[in-house]
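# Fold and contact review
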Amino acid sequence: MDLYQELILDHSKRPQHAGLREPFDAQTHHVNTTCGDEVTLRVRLDPNAGTGPDAVVADVSYDAIGCSISVASASILAQEAIGHPLADVLGTYGAMKTMLTSRGQDPGDEEVVGDGVALAGVAKYPARVKCALLPWSALTDALARAGADVTAGPKPTTP
Amino acid sequence: MSATFTDAELARLRADFPILSRRVRHDAPLVYLDSGATSQKPRVVLDAERDFYEQHNAAVHRGAHLLAEEATDAYEGARETVARFIGAPAREVVFTRNGTDALNLVAYALSNASAPGALDGVDPELAARLTIGPGDEIVVTQMEHHANLVPWQELCRRTGATLRWVDVTDDGELDLAGLDAVLGEATKVLAFTHVSNVLGTLNDVPTIVAKARAVGALTVLDACQSVPHLPVDVTQLGVDLLAFTGHKLLGPSGVGVLWGRYELLEALPPYVTGGSMIELVRIESSTYAAPPQRFEAGVPMTAQAVGLAAACDYLSAIGMERVAAHDHDLVAHTLAELAKRPWVTVVGPTDPDRRVGAVSFTVDGVHPHDVGQILDDSGVAVRTGHHCAWPLHRFLRVVATTRVSFSVYTTIGEIDAFLAALDRVPAVFGLEAASA
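Cut-offs applied
Residues numbered from 1 in each chain as written. Chains lettered and ligands numbered in written order. Predicted model: local features only at pLDDT ≥ 70, side-chain atom pairs only at ≥ 80, totals over all residues. Heavy atoms only, no water. Salt bridge = Lys/Arg side-chain N within 4 Å of Asp/Glu carboxyl O. Helix = DSSP H or I, 4+ residues; strand = E, 2+ residues; numbered from the N terminus. Buried < 20%, exposed > 50% of the residue type's maximum accessible area, 1.4 Å probe, protein only. Domains from an automatic or database assignment. Contact = heavy atoms within 4.5 Å. Buried area = accessible area lost by both parts, 1.4 Å probe. 1 Å grid on protein atoms, 1.4 Å probe; cavity = no way out; pocket = protein on both sides within 12 Å on 5 of 7 lines; lining within 4 Å. Points joined across faces, edges and corners; volume = space filled by probe spheres on them. Nonpolar A, V, L, I, M, F, W, Y, C, P; charged D, E, K, R; others polar.

### Some thoughts on the pattern of salt bridges
Pairing between side chains of opposite charge can happen when the charged atoms of each approach one another. All names here are of chain B. Under the definition given, this model contains 26 salt bridges over all chains. As a salt-bridge pair, Lys-188 and Asp-136 come within 3.2 Å of each other at their nearest N and O atoms. Within this pair, whereas Lys-188 is found in strand 5 (residues 187-193), its partner Asp-136 is found in the loop between helix 5 (124-130) and strand 3 (137-141), the two being separated by 52 residues in sequence. Given the relative accessible area of 15%, Asp-136 is considered buried. The closest approach of N and O atoms between Asp-240 and Arg-261, which form a salt bridge, is 3.0 Å. Remark: Arg-261 occurs in the loop between strand 8 (256-260) and helix 10 (262-267) and Asp-240 occurs in the loop between helix 9 (234-237) and strand 7 (241-245); sequence separation between them is 21 residues. Residue Arg-261 is classed as partly exposed on the basis of its relative accessible area of 22%. Three or more residues joined by partner-sharing salt bridges are found here, namely Glu-337, Lys-340, Arg-341 and Asp-423.

As structure tokens, this is what we get:
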């Protein structure tokens, strides 16, 4: 079935940047209440770039217990967020969310979401969308707790 | 053990359930193995609801017209049918929204009973049993559905009582020695399930009730997973109160049942108050109607109760002994087949005689959500997750399980279709090929 792309299975078996690391500015713990899946996620902002419009995500580390979709999503998130400007990360989040909630209408733009396009098939299964969004909701929550402005909304990403 | 169905009988029975002829993903025939979450409904149940609305609809217990009389007769007739189904007098049967509502009713009635003056006029010995406060203990078990756990946590929070619990053995049985250690003079309530919705374990109710009786504790039984599969007679179980839901019993959603010994219902104050449940209302205070009306505030779920009665009649016509024998065949076949797959771990008793209704399991190296997704791709509907029994899953040291659960219309062929789909799982996730 098209849901389980090789890329997703690779990410879920060998999650990138996994594990909880120091230093971090904020940590969140999000749970999928229907299945008990959990993600603990830490975020570190580059102290030299501040928390304003020029903020940069220096590190994302996580411990994800869950299905292949949620673990792969956490792995892809870390890959797409670490070392990127906050504005780009929020742009990726916005594009992922649009793709995942499109019921299969939006195939996703690899330029924006990177390996996240492999999760496009999830959009056809409404019950699994929560699995894919779980680490992203943990990230935006952590960014807000770290003092970053996540309400400004995603900005267009420059390729 | 009664004879189970012939293939022809089962095919005729399945034709009563319109949804079972649906085709789902990739035009595969629906294999519905999620009846523990909610059962499908036979046409007679749907017809009963429709007939009520088309011919008799009115608000019950009020109105001076013919339809109001007919609606009241239909509702009270439904109560009599449901009561007969569980061996109880009609006045001991309270209609609720669902099983959760029935259990909350008991927990809230008990804390309302603990308010000063709430039990004035009640026999002092009974009043003492129904009054809960600091120093008292409420006992539950590790295998409870959240619906028979959270209301008791909340009762403890409101009254200052202490929550205690009984563990589960490695075989998925209640630890009866542990129960002896937990029960004591301070125990006011023992709330436990008849059949675990995850493990399928059939608890030994009379033995457990005898232990609770010995310390004077009230017994509250969650029968949501037993009433659909077994002959249940409240007079034989010995419990004080029992809850079940209609939608798992081939009935509509939106109706459940609380059964209670009349002397208890008569002593307990109401949970929800308002219209229909009063005796006399003055502007400053009111008195309550006798049970069961005392616990049925507002216009009740009449059509749903009528539909539930039709479901009980449908099952009675088949015979609950045969329903139970059929369930036993399904459970035994599932356990035997899963045991041939070393990459599958079943939770709960290995002996089919100790089980009812459901089999939950894990697949080595694959999350249950992913297992469920592969099964769904073949048209097999199962439940994955913690099944509203999160503490039990923690106790079993698993995040989640995959559950197949049965009903009267489930076939051995459907279980074989499930097994064939399950055998795809290791390959999809690139695990060591499973030679079944």
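So much for the structure itself; the text now carries on.
### Things to note about the domain arrangement of chain B
Residue and element names in this part refer to chain B. Per the domain assignment, the segments making up chain B are domain 1 (7-32 + 319-429) and domain 2 (47-316). Each of domain 1 and domain 2 was reduced to a C-alpha centroid, and the two centroids are 29 Å apart. At the junction of the two partners, domain 1 supplies 34 residues and domain 2 supplies 30 residues. Of the roughly 2,600 Å² buried at the junction of domain 1 and domain 2 (both faces included), carbon and sulfur atoms supply 62%. The largest contributions to the domain 1 side of the interface with domain 2 come from Met-320, Arg-354 and Val-356, which together make up 26% of the buried area.

### Quick notes on empty space enclosed by the protein
Residues and elements named next belong to chain B. Under the criterion given, the structure shown has two cavities of 30 Å³ or more. Roughly 50 Å³ of volume is contained in the largest cavity. What lines the largest cavity is simply Val-60, His-61, Arg-62, Tyr-75, Ser-276, Gln-293, Glu-296, Gly-298 and Pro-300. By residue class, the composition of the lining of the largest cavity is three nonpolar, four polar and two charged. Its boundaries defined by the atoms lining it, the second largest cavity holds a volume of some 40 Å³.

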